[in-house]
Amino acid sequence: MYRDLTLPELQTLQQKGPMTFVDVRSPKEYNEATIPGSLNIPVFNDAERAEIGTIYKQLGTEQAKERGLEIFSQKLPAFIAEFKEIDGPMVVFCWRGGMRSKTAVTVLDLMGIHAKRLSGGIRSYRQWVLAELEKEQFQPDLFVLNGHTGSGKTLLLKRLEQIGQPVIDLEGMAGHRGSIFGQIGLAPSNQKKFDSLLVSQLIRFEHEKYVFIEGESRRIGKVCLPQFFNDKKEQGMQLFINLPIEVRVQNILDDYRPWDSPSQFNEAFQLIKKHIHTPIAREIEEDLLEGNYASAVQLLLENYYDPKYDYSANQYDEQRVVQIDASDVDDAFIKVQQAVEKL
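Sequence order as written defines the numbering, with residues in each chain counted from 1. Since the coordinates come from a predicted model, pLDDT governs what is reported: local features require at least 70, and pairs of side-chain atoms require 80 or more to be given and counted, while whole-chain, interface and lining totals use all residues. Think of the side-chain values as coming from all heavy atoms in the structure, minus any hydrogens and water.

Draft legend 1. Seen up close, the overall build of the protein. For helices the rule is a DSSP run of H or I covering at least 4 residues; for strands it is a run of E covering at least 2, with both sets numbered from the N terminus onward. Assigned secondary structure in the protein consists of 16 helices and 11 strands. The rule is simple: take the accessible area with a 1.4 Å probe, protein chains only, and divide by the maximum for that residue type; under 20% is buried, over 50% is exposed, in between is partly exposed. The buried share among the 343 residues of the protein stands at 47%. Of the contacts made within the protein by residues no fewer than 6 positions apart, 71% connect residues no fewer than 24 positions apart. Shrake-Rupley sampling with a 1.4 Å probe provides the accessible areas, and residues are treated as covered by the protein chains on show and by no other component. A total of about 18200 Å² of accessible surface is found on the protein, and carbon and sulfur atoms cover 49% of it. Counted as positive: Lys and Arg. Counted as negative: Asp and Glu, with His and the chain ends omitted from the count. Where a charge lies is defined by one atom per residue type, namely NZ (Lys), CZ (Arg), CG (Asp) and CD (Glu). Placing the 40 positive and 49 negative side-chain charges of the protein at their respective mean positions leaves the two points 7 Å apart. Any two residues whose heavy atoms approach within 4.5 Å at even a single point are treated as in contact.

What follows is the structure, encoded as structure tokens:
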């Protein structure tokens, strides 16, 4: 028989060995927020969940249960087959530890597949995440990669991570690059998803001496950094990456690939157009429409992003600032490591 476990009990068990978490909610619910690293094996897909919800509201609980059983019974072989692919201990959860997870573990148990169930579901996990953030604790020092737009800060983080350095990729977790064009081609996270990912990283690196992050405003796309972490970022050692503008333009083109989403870039530009001197704004708009993206990007840097960045960068105490002049990202990668060794 399956066993219900509280989140603290499961976290204790995890210390003895890895466990696979399985989210049996619909794909839409899973994508909105889940326990980081969880698999999604849904009892109902999005359309089925919506249908059962409508029946529940219009006809009542019993009719909804009957329709749910009818739908689930048809997909049982495929559902069980997915669980058979999982090696080792597994934990099943839904929203509040209710009918979906109970049904899943009961059926699995009948088939000889033993899984535990998270009592309280993802709701209990969310409460734990908020409690962890309220502690406002993170001991490692922060090395903050700063620099004008296009300075390759995200590339540097990835390179540092590849050589085993502790890195928290805030933009990656937010699903947003931080600019007005930042969500094009990405799937922005909501606050719940971002909080969960951040807490998992804070715990992962809590015993490190330092961690690398990228310099961001407190808001990144649709999400906000916790105030305590934002304050710690501002108090960290700021490594300013200075690259030639032509290199920055190419970095931006390589990352954003505006030719893949021209209409989205034109729409995003309209949001900042009024903040740029009219003749320049007209020139940028013409470049975007004609596909002259290198010219458009350089004008945006010189007339919008660089002035904004220069204004905000002046707030830091000089004792916490290290300037790194480099010819390209490869050169910056070497010099960042040298700077950290000296610090």
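Once the structure has been displayed, the description carries forward.
Draft legend 2. How the structure looks around unusual backbone geometry. Positive phi, close to 55°, is recorded for Glu 136, a residue that is not glycine. In this structure, Glu 136 sits in the loop between helix H7 (121-134) and strand E6 (141-147). Even without a glycine there, the phi angle at Arg 257 is positive, about 45°. By the element assignment, Arg 257 lies in the loop between helix H12 (245-256) and helix H13 (262-270). Arg 257 gets classed as partly exposed once you look at its relative accessible area, which sits at 40%.

Draft legend 3. Highlighting the sheet that holds strand E11 (residues 321-325). Across the sheet, which stays open at both edges, the 4 strands sit in the order E7-E6-E10-E11 with parallel pairing between neighbours. Every other strand in the sheet has two partners, leaving strand E7 (210-214) and E11 as the edge strands with one partner each. The average undirected angle you get between the axes of adjacent strands in this sheet is 25°. As defined by bridge partners, E6 adjoins E7 across 5 bridges and the pair is classed as parallel. When the bridges of E7 are listed, Phe 143 appears paired with Phe 212. Across the sheet, helix H16 (residues 329-342) touches E6, E7, strand E10 (237-242) and E11, and the angle it forms with E11 is around 150°. Criterion used throughout: strands pair if DSSP finds at least two bridges between them. Note on geometry: axes are C-alpha line fits, over the in-contact stretch for helices, and angles between N-to-C directions span 0 to 180 degrees.

Everything listed is a geometric property; what it means functionally is a separate question.
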